[in-house]
Amino acid sequence: MTAVDREMAAAESAPAAPAVVYRHRVSTRLWHWTNVVTLVVMLMSGLMIFNAHPRLYWGAYGANQDHPWLEIGSTNGAGVLRVGSLTVETTGVLGLWQDGDGRWNRTAFPGWATIPSNYNLALARRWHLTFAWLFAAGILLYLIWSLANRHLWRDLAPSRSELAPRHIAGDIRNHALLRFPKGEAARRYNILQKLAYLGVLIVLIPTMVLTGLTMSPAMDAAWPWLLDLFGGRQSARSIHFIAAGLLVLFILVHLAMVVLAGPINEVRSMITGRYRLPQEKRQ
Amino acid sequence: MTGPLFSRRRVLAAGGLGATSLALSGCDDLGSNETFHDTILTGGERLAYRVQRFLAGDRLAPEYSEAEKSPFFRTNGNNQIAAPDYRRHIADGFANWRLDVSGLVEAPRGFSLDELRAMPARTQITRHDCVEGWSAIGGWTGVPLAALLKEVKVKPAARFVVFRCADQFGGINYYESIDLIDAFHPQTILAYAMNGETLPEGHGAPLRLRVERQLGYKQAKFIMRIELVSVLSGIGGGKGGFWEDVADYEWYAGG
């Protein structure tokens, strides 16, 4: 046995120091933190813009005399959310809510959820349509870069075996039981992560950007195919709202997972790129 | 293990909440900060103007079929005008009314409604998009603004067309302006008819602007005078339109 062999044997038998892997490239980290800022601004200024006409329609046109599929308002001293034939009372949260000074307001989304916190369509549009450029440029550059450095294929594209229903069901079960991958298995994204990240990256965010562009009358002249793609301007506005809701849902689950999987390790890996693989439980 | 982890989580959560609320109250402060507003927050409009002008060129806004029209086209802005002058004109079908075209033009003159109706007309079924979010599809017939501008011969120094209107908000007459790219766009018309009938008062009789690649507040109603200018600084508060001056809406409303 040489000295090196002895050392290796010793290392194998000793409790392994937690392996640290380089997990997030600079492009991913930069894009992630840019999104933290832009998404918060876009979502909150978007809710203020929605407040200007808190009704959603399907098709090319839609205004007060037309039938909305979703509406937030107030009737008989109660805030209400109507979706199709369903009516939910939402007093205190949507349609009728109290501000910090105890005054009642009738806008759809409350001040704590909007930018600016008071009703100001012009200012909300300035926030929204300025940060939209950052948001759109971010996804465009990140998608191009992720194709160029093969991030999409290497880290995110699911393999055939991962897509097997049995594998997906197993991963859902693991998540439900809060059983997260340990050791070597934690090097790669699991199938639910892959599907969630891919869904956000190639479906949700591009949909947000394209439906946003469809609402612009000048862009409809430049790219009329946008209207065909989404079934008209008011449909695009509805899809914009739904996709934003799904993004909020993704963010909530994402944050919950970060907290459950070990917030310090997770947040550090998104700052420095280095991720400590969770150790396997010793018997 | 659960104890310390829980407290670490709580510390992080509290820190996150604190940072978030600080950032959010900061947004209101930033939004009302003049420097941030003028350098950053107006950036979206400046970029949109350049990019959309480049992408759209002189392409047409989508036009729709008769069957695709909104069953009801709601009005916006002012729907009725109390001024005695206007009431007299609308009572006699604007027979003695003139549209004044002046400013940086070689041949300033007035146009009667009959003269405008006698000029080559354009009819288009287009979508009207309000800045608030709703849309309505309707048919408009009118004289292309380009034809009118050729009649009065625009001077080379002119860069904007200003529309002076009869309706008022809080005692101020409505006004709007567009650049010459939109002014000479084939779909930019002064509409005197809507859905095949004389333009009703609620939609801006006798004349309303249709500038189809921009939002609703640019579609000035009740147009009385048209003025060609080289800069917008002398018009109202200097931002080119009533809502631009009063509420800080974008002057370029292409998106």
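Values in this document were obtained by computation on a predicted structure and should not be read as measured data.

Chemist: Tell me about the overall build of chain A, residues and numbers included.
Modeler: Looking only at helices and strands, chain A features 10 helices and eight strands. Taken over the C-alpha trace, chain A has a radius of gyration of 24 Å; the compact-globule value for 283 residues is 19 Å, which it surpasses by more than 25%. Its C-alpha atoms give chain A principal-axis dimensions of about 85 × 45 × 35 Å. The buried share of chain A, reckoned over its 283 residues, is 44%. By sequence separation, contacts in chain A at least 24 residues apart represent 59% of the contacts at least 6 residues apart. Averaging the coordinates of the 27 positive side-chain charges in chain A and doing the same for the 16 negative ones gives two points 2 Å apart.

Chemist: Lay out the overall build of chain B with the relevant residues and their values.
Modeler: Helix and strand counts for chain B stand at eight helices and 10 strands. A compact globule built from 255 residues would reach a C-alpha radius of gyration of about 18 Å, whereas chain B, at 23 Å, exceeds it by more than 25%. A principal-axis box enclosing the C-alpha atoms of chain B has dimensions of 85 × 45 × 40 Å. Counting only residues that meet the buried cut, chain B has 51% of its 255 residues in that class. Of all intrachain contacts in chain B linking residues separated by at least 6 positions in sequence, the fraction that spans at least 24 positions is 68%. In the structure as shown, chain B presents an accessible area of about 11600 Å², 57% of it carried by carbon and sulfur atoms. Charge centroids of chain B, computed over 28 positive and 30 negative side chains, lie 4 Å from each other.

Chemist: Let's hear about the UniProt feature "domain: Oxidoreductase molybdopterin-binding" (unreviewed entry) in chain B: which residues, and what values?
Modeler: Per the UniProt record, "domain: Oxidoreductase molybdopterin-binding" (unreviewed entry) is annotated on residues 95–229 of chain B. Structurally, residues 95–229 of chain B is divided into 13% helix and 47% strand, and its ends, taken at the C-alpha atoms, are 28 Å apart.

Chemist: Explain helix α5 (residues 165–176) of chain A residue by residue, including any values.
Modeler: All names here are of chain A. With 12 residues, α5 should reach 16 Å at 1.5 Å per residue; the first-to-last C-alpha distance of 16 Å fits that figure. Regarding α5, the residues found buried are I168, G170, D171 and H175. Along the axis of α5, the buried residues cluster in a sector spanning 160 degrees; they form a single face. The outward face of α5, more than 90 degrees from its buried face, is lined by the exposed residues P165, R166, R173 and A176. Elements in contact with the buried residues of α5: α6 (191–214) and α9 (233–261). Phi for L178, located one or two positions after α5, is positive at around 55 degrees.

Chemist: Describe the layout of surface pockets, and please don't skip the residues or the numbers.
Modeler: Residue and element names in this part refer to chain B. Volume-wise, the second largest pocket comes out at about 440 Å³. As for the second largest pocket, its lining consists of 21 residues, and the residues nearest its centre are E45, R46, K239, W251 and Y252. For the lining of the second largest pocket, the secondary structure elements donating two or more residues are α2 (34–41) and α3 (43–56). The element best represented in the lining of the second largest pocket is α3, accounting for four residues. When grouped by side-chain class, the residues that make up the lining of the second largest pocket number seven nonpolar, three polar and 11 charged.

Chemist: Explain the interface of chain B and chain A residue by residue, including any values.
Modeler: On the side of chain A, 40 residues touch chain B, which itself brings 55 residues to the contact. Where chain B abuts chain A, roughly 4000 Å² becomes buried across the two surfaces, and 63% of that area is made up of carbon and sulfur atoms. Taken together, the links from chain B to chain A amount to five salt bridges. With a shortest N-O distance of 2.9 Å, E45(B) and R126(A) are connected by a salt bridge. Across the chain B-chain A interface, the total number found is 20 residue pairs in polar contact (both at pLDDT 80 or more). Top contributing element to the side of chain B that touches chain A by residue count: α3(B), with nine residues. Looking at side-chain class alone, the side of chain B that touches chain A contains 28 nonpolar, 12 polar and 15 charged residues.

Chemist: Which residues make up empty space enclosed by the protein, and what values do they have?
Modeler: All told, the structure shown has one cavity of 30 Å³ or more when counted by the stated rule. Here the largest cavity is characterised by a volume of approximately 50 Å³. Contributing to the lining of the largest cavity are P217(A), D220(A), A61(B), P62(B), T126(B), R127(B), D129(B) and E212(B). Of all the secondary structure elements, the ones that give two or more residues to the lining of the largest cavity are α7 (217–222) of chain A together with β3 (122–129) of chain B. Looking at which element gives the most residues to the lining of the largest cavity, the answer is β3(B), with three residues. Among the residues forming the lining of the largest cavity, the class breakdown is three nonpolar, one polar and four charged.

Chemist: Describe the packing of helix α2 (residues 26–51) of chain A against helix α10 (residues 263–272) of chain A, listing the residues and the values that go with them.
Modeler: Residues and elements named next belong to chain A. At a minimum axis distance of 7 Å, the contact between α2 and α10 shows a crossing angle of 110 degrees. On the basis of their axis angle, the class for α2 and α10 is roughly perpendicular. Seen from α2, the contacting residues are T28, R29, H32 and W33; seen from α10, they are S269, M270, I271 and T272. Class assignment of the residues belonging to the contact of α2 with α10 gives a composition of three nonpolar, four polar and one charged.

Chemist: Tell me about the sheet that holds strand β10 (residues 223–229) of chain B, and please be specific about residues and values.
Modeler: Residue and element names in this part refer to chain B. With mixed pairing, the five strands of this open sheet are ordered in space as β2-β1-β10-β5-β6. Looking at the sheet topology across the chains shown, the edges are occupied by β2 (109–112) and β6 (172–179). Neighbour-to-neighbour, the strand axes of the sheet open up by a mean angle of 25 degrees, direction not taken into account. Across four bridges, strand β1 (residues 98–103) lies against β10 in parallel orientation. Within the sheet, the bridge partner assigned to S102 lies in β10 and is E227.

Chemist: Report on the confidence of the model for chain B, specifying residues and quantitative values.
Modeler: Looking at chain B as a whole, its pLDDT mean stands at 93, while 91% of the residues score no less than 70. Note on residues 1–6 of chain B: pLDDT under 50 across the span, and zero contacts to partners over four residues away in sequence or across chains.

Chemist: Talk me through the pairing of strand β3 (residues 70–75) of chain A; I want residue IDs and the actual numbers.
Modeler: All names here are of chain A. Summarising the sheet, strand β2 (residues 55–56) and β3 pair through two bridges and their orientation is antiparallel. Bridge pairing in β3 links R55 to E71. From the end of β3 to the start of strand β4 (residues 78–83), which pair antiparallel, there are two residues, and N76 there has a positive phi angle of about 50 degrees.

Chemist: If you had to explain the UniProt feature "transmembrane region" (unreviewed entry) in chain A to someone new, which residues and values would you point to?
Modeler: Within this structure's numbering, the places UniProt gives as "transmembrane region" (unreviewed entry) are residues 30–50, 127–145, 195–219 and 239–261 of chain A. Secondary structure across residues 30–50 of chain A comprises 100% helix and 0% strand; the distance between its end C-alpha atoms is 29 Å.

About the cut-offs
- Residues numbered from 1 in each chain as written.
- Chains lettered and ligands numbered in written order.
- Predicted model: local features only at pLDDT ≥ 70, side-chain atom pairs only at ≥ 80, totals over all residues.
- Heavy atoms only, no water.
- Helix = DSSP H or I, 4+ residues; strand = E, 2+ residues; numbered from the N terminus.
- Rg over C-alpha atoms; globule rule 2.2 N^0.38 Å.
- Buried < 20%, exposed > 50% of the residue type's maximum accessible area, 1.4 Å probe, protein only.
- Contact = heavy atoms within 4.5 Å.
- Lys, Arg positive; Asp, Glu negative; His and termini not counted.
- Charge placed at Lys NZ, Arg CZ, Asp CG, Glu CD.
- Areas by Shrake-Rupley, 256 points an atom, 1.4 Å probe, with all protein chains shown as cover.
- UniProt positions renumbered as here; feature names shortened; annotations may be inferred.
- Expected span 1.5 Å × (residues − 1).
- Arc of directions from axis to C-beta.
- 1 Å grid on protein atoms, 1.4 Å probe; cavity = no way out; pocket = protein on both sides within 12 Å on 5 of 7 lines; lining within 4 Å.
- Points joined across faces, edges and corners; volume = space filled by probe spheres on them.
- Nonpolar A, V, L, I, M, F, W, Y, C, P; charged D, E, K, R; others polar.
- Buried area = accessible area lost by both parts, 1.4 Å probe.
- Salt bridge = Lys/Arg side-chain N within 4 Å of Asp/Glu carboxyl O.
- Polar contact = N/O pair within 3.5 Å; in protein donor to acceptor, adjacent residues only side chain to side chain.
- Axes fitted to C-alpha atoms, helices over the stretch in contact; angles between N-to-C directions.
- Parallel < 35°, antiparallel > 145°, perpendicular 65-115°, else oblique.
- Pairing = 2+ DSSP bridges.
- pLDDT = per-residue confidence, 0-100.

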